[in-house]
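One letter stands for each residue in the lines below.
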Amino acid sequence: MNKQRIQQAYQLAKEEYAELGISTDAVLEKMKEVVISLHCWQTDDVGGFETPDSSLSGGGIQATGNYPGKAHTIQQVRADLEKVLSLLPGKQRLNLHAIYGDFQGERVDRNQIEPLHFQSWIDWCKKQGIGMDFNASCFSHPRAADGFTLSSKNEENRRFWVEHVKRCRAISAEIGKQLGSTCVHNIWIPDGSKDTPVDRNGYRVNLKKSLDEALKVKYPGEWMKDAVESKLFGIGVESMTVGSHDFYLGYAIKNNTLICLDNGHFHPTEQVGDKISACLQWVDEVLLHVTRPIRWDSDHVVTLNEDVQLIAAEIVRNNFLSRVKIGLDFFDASINRIGAYVIGTRAAQKAFMIAMLEPTEKLIQYEEAGQNFERLALLEELKTKPFGAVWDYYCMTENVPVGEAYITEIQQYEKEVLAKR
Ligand code: RNT
Ligand code: ZN
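We now turn to the structure provided with this report. Because the structure is predicted, anything quoted here is derived from the model rather than measured.

What counts and what doesn't
- Residues numbered from 1 in each chain as written.
- Chains lettered and ligands numbered in written order.
- Predicted model: local features only at pLDDT ≥ 70, side-chain atom pairs only at ≥ 80, totals over all residues.
- Heavy atoms only, no water.
- Donors = N, O, S within 2.8 Å, 3.2 Å for Na, K, Ca; no water.
- Helix = DSSP H or I, 4+ residues; strand = E, 2+ residues; numbered from the N terminus.
- Buried < 20%, exposed > 50% of the residue type's maximum accessible area, 1.4 Å probe, protein only.
- Near = heavy atom within 4 Å.
- Polar contact = N/O pair within 3.5 Å; in protein donor to acceptor, adjacent residues only side chain to side chain.
- Areas by Shrake-Rupley, 256 points an atom, 1.4 Å probe, with all protein chains shown as cover.
- Nonpolar A, V, L, I, M, F, W, Y, C, P; charged D, E, K, R; others polar.
- Core = buried A, V, L, I, M, F, W, Y, C linked by side-chain atoms within 4.5 Å.
- Contact = heavy atoms within 4.5 Å.
- Pairing = 2+ DSSP bridges.
- Right-handed = clockwise from strand over helix to strand, strands pointing away.
- Salt bridge = Lys/Arg side-chain N within 4 Å of Asp/Glu carboxyl O.
- Phe/Tyr/Trp six-rings, centres within 6.5 Å; stacked < 30°, edge-to-face > 60°.
- Axes fitted to C-alpha atoms, helices over the stretch in contact; angles between N-to-C directions.

### Quick look at the coordination of the zinc ion (ligand 2)
Then comes step 1: The coordination sphere of the zinc ion (ligand 2) contains the protein donors E229 (OE), D262 (OD), H289 (ND1) and D329 (OD), at a distance range of 2.1 to 2.2 Å.
Then comes step 2: All donors of the zinc ion (ligand 2) belong to a single chain; written as a sequence motif, their spacing is E-x32-D-x26-H-x39-D. With D262 in strand β8 (residues 258-262) and D329 in the loop between β12 (324-328) and α10 (337-356), this residue pair connects regions lying 67 residues apart in the sequence. Each member of the pair D262 and D329 is classed as buried.

### Details of the site of ligand 1
Then comes step 1: Surrounding ligand 1, one finds W41, I61, H97, W188, E229, K231, D262, H265, H289, D297, D329 and F331.
Then comes step 2: A distance of 2.8 Å separates an oxygen atom of ligand 1 from a polar side-chain atom of E229.
Then comes step 3: Between an oxygen atom of ligand 1 and a side-chain N or O atom of K231, the distance comes to 2.7 Å.
Then comes step 4: Here ligand 1 has 310 Å² of accessible area as a free molecule, and 99% of this is covered by the chains.
Then comes step 5: Partitioning the shell around ligand 1 into residue classes produces four nonpolar, three polar and five charged.

### As for the nonpolar core
Then comes step 1: By size, the foremost hydrophobic cluster in this structure holds 122 residues, and its most contacted members are L94, W121, L288 and M353.
Then comes step 2: Look past the residues within four positions of L94 in its chain and what remains in contact with it is S37, L38, C40, L81, W121, W124, C125, I130, G131, M132 and D133.
Then comes step 3: Formed by five residues, the second largest nonpolar core is a distinct cluster that contains V184, L258, C260 and L287.

### Points about unusual backbone geometry
Then comes step 1: Even without being a glycine, Q104 presents a positive backbone phi close to 50 degrees.
Then comes step 2: Tracing the backbone shows Q104 in the loop between β2 (92-97) and α4 (119-128).
Then comes step 3: Taking relative accessible area as the criterion, Q104 reaches 69% and is therefore assigned exposed.
Then comes step 4: In this structure, N319 is a non-glycine residue whose phi angle is positive, near 60 degrees.

### Things to note about the pairing of β8
Then comes step 1: Counting buried positions along β8 yields five of five residues, so the element is predominantly enclosed.
Then comes step 2: Residue alternation in β8 divides its side chains into two sets, L258, C260 and D262 and I259 and L261, and both sets are buried.
Then comes step 3: Bridge count between strand β6 (residues 224-229) and β8: three bridges; the pairing is parallel. Among the inter-strand pairings, E229 is bridged to a residue of β8, identified as C260.
Then comes step 4: Across four bridges, β8 lies against strand β9 (residues 286-290) in parallel orientation. Residue pairing across strands places L261 opposite L288, the latter belonging to β9.
Then comes step 5: The parallel pair β8 and β9, bridged by helix α8 (residues 272-279), forms a crossover whose chirality is right-handed.

### As for the pattern of salt bridges
Then comes step 1: For the coordinates displayed, the defined rule picks out 25 salt bridges.
Then comes step 2: For the salt bridge of E285 with K225, the shortest nitrogen-to-oxygen distance reads 2.8 Å. Residue E285 is found in the loop between α8 and β9, and its partner K225 is found in strand β6; the two are separated by 60 residues along the sequence.

### Re the packing of aromatic side chains
Then comes step 1: Going through the model one piece at a time under the given rule, you end up with 11 aromatic pairs.
Then comes step 2: Look at F160 and W161: their rings are 5.0 Å apart centre to centre, the planes differ by 90 degrees, and that puts the pair in the edge-to-face class. The same class applies to F160 as to W161, namely buried.
Then comes step 3: Aromatic side chains W391 and Y394 sit 5.8 Å apart centroid to centroid with 55 degrees between the ring planes, which places their arrangement in the tilted category.

### Some remarks on the environment of S86
Then comes step 1: Structurally, the position occupied by S86 is in helix α3 (residues 74-86).
Then comes step 2: Here S86 is in contact with V400 and P401, once residues within four sequence places are set aside.
Then comes step 3: A polar contact is formed between the side chain of S86 and the backbone oxygen of K83, at a distance of 2.7 Å.

### With respect to the sheet that holds strand β4 (residues 183-187)
Then comes step 1: Strand order in the closed barrel formed by eight strands is β1-β2-β3-β4-β6-β8-β9-β12, with parallel pairing between adjacent strands. Taken over all neighbouring pairs, the strand axes of this sheet differ in orientation by 30 degrees on average, direction set aside.
Then comes step 2: Bridge count for strand β3 (residues 132-135) against β4 is two bridges, and the pairing is parallel. The partner of N135 across the bridge, within β4, is N186.
Then comes step 3: Sitting on the sheet, α4 is in contact with β2 and β3, with an inclination near 170 degrees to β2.

See the structure below:
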């Protein structure tokens, strides 16, 4: 790493952005407000630790690939996440799924989990100095085998999942209380139908009823907040998803929960970036699952594409950083998994930094004056401004690898740790 060159490049970039009225130093400071919640499930392809070698089965989510080095134990997940954290600038959080509990070899079913099964995770987060978010796991379970959970017409199954969500919320409250940082608890269910259903309404009535039951207990907002995640369709659930966007947006508004927008869960021509300001007129906060859909919800590693840039731009332009919780959601089992995290998180962070380096007021002036040529021209020119110099300088000051230097670090971790699993 050539420190001097990075500094010089930053100085030039700083001057160039200053001409646009932007302080790069202020941007570096503002990057502290971008806290991304790292989903634990990229470490082991959404397996979890309920049984010695759990693997994903059913439920509309599918990890593909068998790249060596997958985490098999909690210790391995933690080691991998520590490696990831060491390669990222800024601060992150942990986003844990209920199936990743520390069950100590005991068989604990989903309707039996308790805060104590997550105490070692809370302690780990405390040690890392990070906050923690949580998720009910309503999939990969015999009681989800027919494709229905909270909306099930099998009353025993429906009750089972209600109990699971209740317990997950109690665990979330404990997490937030102990860590002194609000834990966002997200509910996503795979419920839906491969072929044309007849009683769409019946399942939605059930889902509403189950959510009402599961969310009945109120916890202080400093401890935990609920989010509900919609989806358009999934593999094997092509004809109807019970928890559609209309369903959950309505639920979130009426019940004061967060709405979780996963940008892999909409029609390809819809943009989640456009939905943020629409939803925030009606709900206090939004949770994001940032991902990269390809043709369908395939959860590819996030890259710095226009989708993600629009999401970041909308949040920054409107000062929504305090109202939008940012999580990642992808699981690519075909490449080095630590590399997947670092690429994906850095891409999201870059999108936020680019958004902060935008002369928004100037653009709005053009827009309001009907100067649409000028608006488009400036937006185009911004694309080739020296953002990379600011990013590299940021990484250097954060003491993490600059540019592609993280590649060799990950290769080394693969050789020394992953290859031996
Ligand atoms: C699935 C949803 C959901 C899951 C995780 C594991 O389509 O996006 O968020 O990916 O909960
Ligand atoms: Zn998601």
